[in-house]
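# Breakdown of the fold
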Amino acid sequence: FGCKKYFDPQGEPQECVHHKAPPIFHETAKWWSCCPDRKAYDWEEFMRIPGCQKSTCSATPEGQEGKRFLGGHDLRGDNAPVRLDADAPKDPRHKLDELRRGVIAVGVDGALFEKVWGKLAAEMDGDIEKVCGVFQARFSHLLSSDL
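Not measured: the values here are computed from a predicted model. (Residues numbered from 1 in each chain as written. Predicted model: local features only at pLDDT ≥ 70, side-chain atom pairs only at ≥ 80, totals over all residues. Heavy atoms only, no water.)

### Observations concerning the sheet that holds strand S4 (residues 35-40)
Ordered by their spatial adjacency, three strands build an open sheet running S2-S3-S4, and the pairing between neighbours is antiparallel. A strand with exactly one partner marks an edge of an open sheet, and here the two such strands are strand S2 (23-26) and S4. Along the sheet, successive strands turn relative to each other by an average axial angle of 25 degrees, direction set aside. Of the strand pairs in this sheet, strand S3 (residues 29-32) and S4 are connected by two bridges, and their pairing is antiparallel. Among the inter-strand pairings, lysine 30 is bridged to a residue of S4, identified as alanine 40. (Pairing = 2+ DSSP bridges. Helix = DSSP H or I, 4+ residues; strand = E, 2+ residues; numbered from the N terminus. Axes fitted to C-alpha atoms, helices over the stretch in contact; angles between N-to-C directions.)

### So, the pairing of S3
Residues Ala29 and Trp31 line one face of S3 and the alternating positions Lys30 and Trp32 line the opposite face, and both faces are buried. Relative to S3, S2 runs antiparallel, the two sharing four bridges. Following the sheet pairing, histidine 26 is matched in S3 by alanine 29. The turn joining S3 and S4, which pair antiparallel and follow one another in sequence, is formed by two residues. (Buried < 20%, exposed > 50% of the residue type's maximum accessible area, 1.4 Å probe, protein only.)

### Some words on the confidence of the model for the chain
Across the chain, the average pLDDT comes to 83, with 84% of residues at or above 70. The least confident element of the chain, judged by mean pLDDT, is strand S5 (residues 53-56) at 83; the most confident is helix H3 (residues 110-123) at 93. (pLDDT = per-residue confidence, 0-100.)

### A closer look at unusual backbone geometry
The residue glutamate 27 is not glycine, and still its phi comes out positive at about 50 degrees. Relative to the helices and strands, glutamate 27 is located in the loop between S2 and S3. Accessibility expressed as a relative area gives 76% for glutamate 27, which makes it exposed. One non-glycine residue, aspartate 125, adopts positive backbone phi at about 55 degrees. Mapped onto the secondary structure, aspartate 125 falls in the loop between H3 and helix H4 (128-144). Residue classification places aspartate 125 among the exposed residues on the basis of a relative accessible area of 76%.

### Section: the packing of helix H2 (residues 92-105) against H4
Put simply, H2 and H4 touch, their axes get as near as 9 Å, and they point 40 degrees apart. As judged from the angle between their axes, H2 and H4 are oblique. Between H2 and H4 lies a crossing of left-handed hand. Between H2 and H4, the residues in contact are Pro92, Arg93, Lys95, Leu96, Leu99 and Val103 and Ile128, Glu129, Val131, Cys132, Phe135 and Phe139, respectively. Its residues assigned to classes, the contact of H2 with H4 shows nine nonpolar, no polar and three charged. (Parallel < 35°, antiparallel > 145°, perpendicular 65-115°, else oblique. Left-handed = near helix turned anticlockwise from the far one by under 90°. Contact = heavy atoms within 4.5 Å. Nonpolar A, V, L, I, M, F, W, Y, C, P; charged D, E, K, R; others polar.)

### Some thoughts on the packing of H3 against H4
In a packed pair of helices, the relevant descriptors are the angle between the two axes and the axis-to-axis distance. Packing of H3 against H4 brings their axes to within 9 Å, and their N-to-C directions diverge by 120 degrees. In terms of axis orientation, H3 runs oblique to H4. Crossing of H3 against H4: the hand is right-handed. Residue-level inspection shows Phe113, Val116, Trp117, Leu120 and Ala121 of H3 in contact with H4, the latter providing Ile128, Val131, Val134, Phe135 and Arg138. Residues that form the contact of H3 with H4 fall into these classes: nine nonpolar, no polar and one charged.

Below you can see the structure in the form of C-alpha cells.
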C-alpha cells in the first residue's frame with residue numbers, strides 16, 4: 001500500500017518498500033494492519049512509518065484487487081442509496097444548458113445561442129423537447145456533411 005514513488009508503468013521496474021496491508025484509523029490512533037506494533041497519533045508520524053515489504057512498483061499490486069478495506073461494509077458501495085430517477089430521461093432544459101455551455105466553450109457567442117433557441121422555442125409553441133430535437137438534427141446534419 002503505497003511507497004509514495006512516481007513510476008512509469010511501461011518503464012523500467014523500480015524497487016519499492018511498502019506495506020502489504022491497508023491502514024487502520026481508530027479514534028486518534030493510526031497504524032498499518034500489517035504492522036500493529038507501530039501506532040501513530042499524528043498524521044505525519046503515521047506517514048513516516050517505514051514499509052514492511054520490498055517489491056517492485058506496480059499499477060495493480062498483488063493482493064490489492066477488489067476490496068480495499070478491512071472487515072465491515074463498504075458503505076459507499078454496498079449500501080449506497082440508489083437514485084429512483086437514474087433511468088429517467090434528461091430534462092430538456094438541462095440538455096439546453098449543457099449545449100449552451102458546450103457551444104460557448106468552443107467560441108460561440110452566448111447571446112447568439114440565446115437568440116436562436118428563443119426563436120425556435122417561439123416557433124415550437126414553447127415545447128423545449130422539440131427545440132432540443134431541432135438542435136440535434138441540425139448539429140447531426142452539420143457534423144455528417146463533412147464525412
